[in-house]
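# Inside the fold
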Amino acid sequence: MGNDYAIETQNLTKRYGRVEAVSGLSLKVPHHQVTGFLGRNGAGKSTTIRMLLGMTHPSEGRGALLGSPIDDAGESREIRRHVAYVGEDKELYGYMTVQQLIRFTASFYADWRPETAHCLQRRYELPSERKVRDLSKGMRTKLALLLALARRPEILILDEPSDGLDPVSIEDLLGTLGAATGEGTTVFFSSHRIAEVERIADRVCMIDHGKLVAELSLDEMRQDYRRITLGFATPPPEQAFGIYGVRQVRTSGRQMILSAARNANGIVELARSLDAVSVDVAPVSLLEVFLETVKEAQ
Amino acid sequence: MLFKLNPQAGQPLYLQLMQQVRHAVETGVLQRGDQLPGIRTLAEEIVVSHNTVAKAYSELEHEGLLEIRHGSGAFIAAKNRKGSRSERVRLAQERVHALVDALQQEGFSTEEIRRLLEAALFYPEQIETTR
């Protein structure tokens, strides 16, 4: 695996006993983009992230961050300097104060940016003298984010970062994540909150039951994905719509709902030639694509 | 200048941003020499990916509407024909009002009219084929 992608995995698999938490996952996460990693609770997102970070070993398959294998101990230490993680283990160093933890972390990184740390601390209203263990969950997330961003990492990986945050803080977090690619950081974050992902992600990977079920660019989705509702005066000619671009067809009485990944024009043209009496074309949301994809995978 | 993008509008976000800048220039809300926020600042403010704003700015620069001076920001470069343009926008608005009024009197609901207008704007090809 080369350095064409910031994160790449091939056939990555994790078994716990007979259960496959992640099964044959092949991911490609491009550089300098915000990629959302979507899936239901228990779909395998956290396990995947833990494997990427070397916190647990794959049962099978391989993966690379910035071209370096994820389970090579020597290389992974080197690579870890360029990768930041904001996730579950926010409890570490609970005995330190916010200020102490910031100084402590800064001492490990030559290119630490004190001005960024300072600016974020003020914005996030993190009290310098408070002990980390006394911070709320949301504040710990913000502190972890501060520690991550002040290093200007090449890859920033986050596991459900908005969990436990209030709406104002979520807004702040999303703004920060969206803007982070401007400094050359690749952002990869897992979430089950689709509306959040839809706002700031450039791309989305969807995982279900440990498998990758879809990968798409959101600009392409907005441009090309359509829900086409057709009405017919006679029983709808369902078979005729097995054409290019149709992802799914649902029929209810004389009405048909098609979901198209492209070729909406061609599909509408076909519908007209088959005497559709009503045609309605509407954009689709990421939620709709997600629900369709996850249902299809079952 | 406030921009508001709709992630579910069925149009790439960078295109929405470009249209809003263009519209502001056409109406005179943004004028030659006015400064737009830096890419990073705007991305944070409207909560979108940096790449969305970067792409919109770069396309607008390509169109000659925006001038990006490195280190100092993005400036409106195009001359706006403000008086005449905003007058034309006002007249256009009147025509749209008249059209909507007429359709309502024919018994179309607000929702139906909205869909018809959206269809005309976003899927012109598909309407062509229906004739």
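Residues numbered from 1 in each chain as written. Chains lettered and ligands numbered in written order. Predicted model: local features only at pLDDT ≥ 70, side-chain atom pairs only at ≥ 80, totals over all residues.

Moving on, we come to the overall build of chain B. Within chain B one finds 6 helices and 3 strands. Starting at the N terminus, the α and β elements of chain B follow one another as α-β-α-α-β-β-α-α-α. Considering chain B as a whole, with its 131 residues, one finds that 25% of them fall into the buried category. Long-range pairs, those at least 24 residues apart, make up 55% of the contacts in chain B with a sequence separation of at least 6. (Helix = DSSP H or I, 4+ residues; strand = E, 2+ residues; numbered from the N terminus. Buried ≥ 20, exposed ≤ 12 C-beta atoms within 10 Å, placed from the backbone. Contact = placed C-beta atoms within 7 Å.)

It is worth spelling out the interface of chain A and chain B at this point. With 28 residues of chain A in contact, the opposing surface of chain B contributes 23 residues. With 6 residues, helix α6 (residues 167–180) of chain A is the single largest residue contributor to the side of chain A that touches chain B. Within the side of chain A that touches chain B, the residues separate by chemical class into 10 nonpolar, 9 polar and 9 charged. (Nonpolar A, V, L, I, M, F, W, Y, C, P; charged D, E, K, R; others polar.)

This part takes up unusual backbone geometry. All names here are of chain A. Even without a glycine there, the phi angle at Leu66 is positive, about 50°. Along the polypeptide, Leu66 turns up in the loop between β5 (60–65) and β6 (68–69). Of note, His209 is a non-glycine position whose phi angle comes to about 45°, a positive value. Relative to the assigned elements, His209 resides in the loop between β10 (203–208) and β11 (211–217). A count of 17 C-beta atoms within 10 Å places His209 in the partly exposed class.

Moving on: helix α2 (residues 39–46) of chain B. Here α2(B) has its buried residues at B:Ile39, B:Leu42, B:Ala43, B:Glu44 and B:Ile46. Buried-residue contacts for α2(B) involve α6 of chain A together with β1 (35–36) and α3 (50–62) of chain B. Of the residues one or two after α2(B), B:Val47 is the one with positive phi, at around 55°.

This part takes up the environment of B:Gln11. Mapped onto the fold, B:Gln11 is located in the segment before α1 (13–27). According to the C-beta neighbour criterion, B:Gln11 is partly exposed, with 17 such atoms within 10 Å. Spatially, the C-alpha atom of B:Gln11 lies 8.4 Å from that of B:Phe122, the residues being 111 residues apart in sequence. For B:Gln11, the contacting residues outside a window of four places in its chain are A:Arg222, B:Gln16 and B:Phe122.

This next bit is on the sheet that holds strand β13 (residues 246–252) of chain A. All names here are of chain A. On the basis of which strands lie adjacent, the open sheet formed by 4 strands has the order β13-β14-β12-β15 and antiparallel pairing. Edge positions in the open sheet fall to β13 and β15 (278–283), since each of these has one partner strand only. Averaged over all neighbouring strand pairs, the angle between strand axes comes to 15°, with direction disregarded. Helix-sheet contacts for helix α9 (residues 264–273) involve β12 (226–231), β13, β14 (255–260) and β15, and the interaxial angle to β12 is about 5°. (Pairing = 2+ DSSP bridges. Axes fitted to C-alpha atoms, helices over the stretch in contact; angles between N-to-C directions.)

The next subject is α6(A). Two residues of an α-helix separated by three or four positions point the same way, owing to the 3.6 residues in each turn. Look at α6(A): 20 Å from first C-alpha to last across 14 residues, which is about the 20 Å you get at 1.5 Å a residue. Every buried residue of α6(A) is listed here: A:Leu173, A:Leu174, A:Thr176, A:Leu177, A:Gly178, A:Ala179 and A:Ala180. (Expected span 1.5 Å × (residues − 1).)

The next point concerns the domain arrangement of chain B. Domain parsing of chain B yields domain 1 (13–76) and domain 2 (82–128). Each of domain 1 of chain B and domain 2 of chain B has a C-alpha centre, and these two points are 27 Å apart. (Domains from an automatic or database assignment.)

Residue and element names in this part refer to chain A. Tracing the chain through its elements places Lys45 in helix α1 (residues 45–52). Judged by C-beta crowding, with 24 C-beta atoms within 10 Å, Lys45 ranks as buried. Along the sequence, Lys45 and Ile207 sit 162 residues apart, while their C-alpha atoms lie 7.3 Å from each other. Excluding anything up to four places from it in sequence, Lys45 contacts Phe37, Gly39, Ser190 and Ile207.

A few words on the domain arrangement of chain A. All names here are of chain A. In terms of domains, chain A is made up of domain 1 (7–219) and domain 2 (225–297). Here the C-alpha centroids of domain 1 and domain 2 sit 37 Å apart. Every contact between the two is made by 10 residues of domain 1 and, on the other side, 7 residues of domain 2. Contributing elements (two or more residues each) for the side of domain 1 that touches domain 2: α7 (194–200), β10 and β11.

Residue and element names in this part refer to chain B. On the secondary structure map, Arg88 appears in helix α4 (residues 82–105). By the C-beta count within 10 Å, which is 13 here, Arg88 ends up partly exposed. As a C-alpha pair, Arg88 and Thr52 span 36 residues in sequence and 30 Å in three-dimensional space.

A few words on the sheet that holds strand β2 (residues 66–69) of chain B. All names here are of chain B. Taken together, 3 strands build an open sheet; the order of strands is β1-β3-β2 and the sheet is antiparallel. One side of each edge strand has no neighbouring strand; the edge strands of this open sheet are β1 and β2. Here β2 runs beside strand β3 (residues 73–76); their pairing, made up of 4 bridges, is antiparallel. Its bridge partner being in β3, Ile68 is matched across the sheet by Ala74. α3 contacts β2 and β3 of the sheet and is inclined by roughly 115° relative to β2.

This paragraph deals with the pairing of strand β2 (residues 19–25) of chain A. Residue and element names in this part refer to chain A. Pairing of strand β1 (residues 7–16) with β2, which is carried by 4 bridges, proceeds in the antiparallel orientation. For Tyr16, the partnering residue across the bridge sits in β2 and is Val19. Here β1 hands over to β2 after 2 residues, with Gly17 in that stretch at a positive phi of 60°.

Here we come to the pairing of strand β8 (residues 155–159) of chain A. Residue and element names in this part refer to chain A. In terms of burial, β8 is largely enclosed, as 5 of its 5 residues are buried. A two-sided burial pattern is seen for β8, the buried positions comprising Ile155, Ile157 and Asp159 on one face and Leu156 and Leu158 on the other. Looking at chain direction, strand β7 (residues 83–86) and β8 are connected through 4 bridges and run parallel. Its bridge partner lying in β8, Val83 is registered against Ile155. Inspection of the sheet shows β8 paired to strand β9 (residues 186–191) by 5 bridges, in the parallel sense. Each bridged residue has a counterpart across the sheet, and for Asp159 the counterpart in β9 is Ser190.

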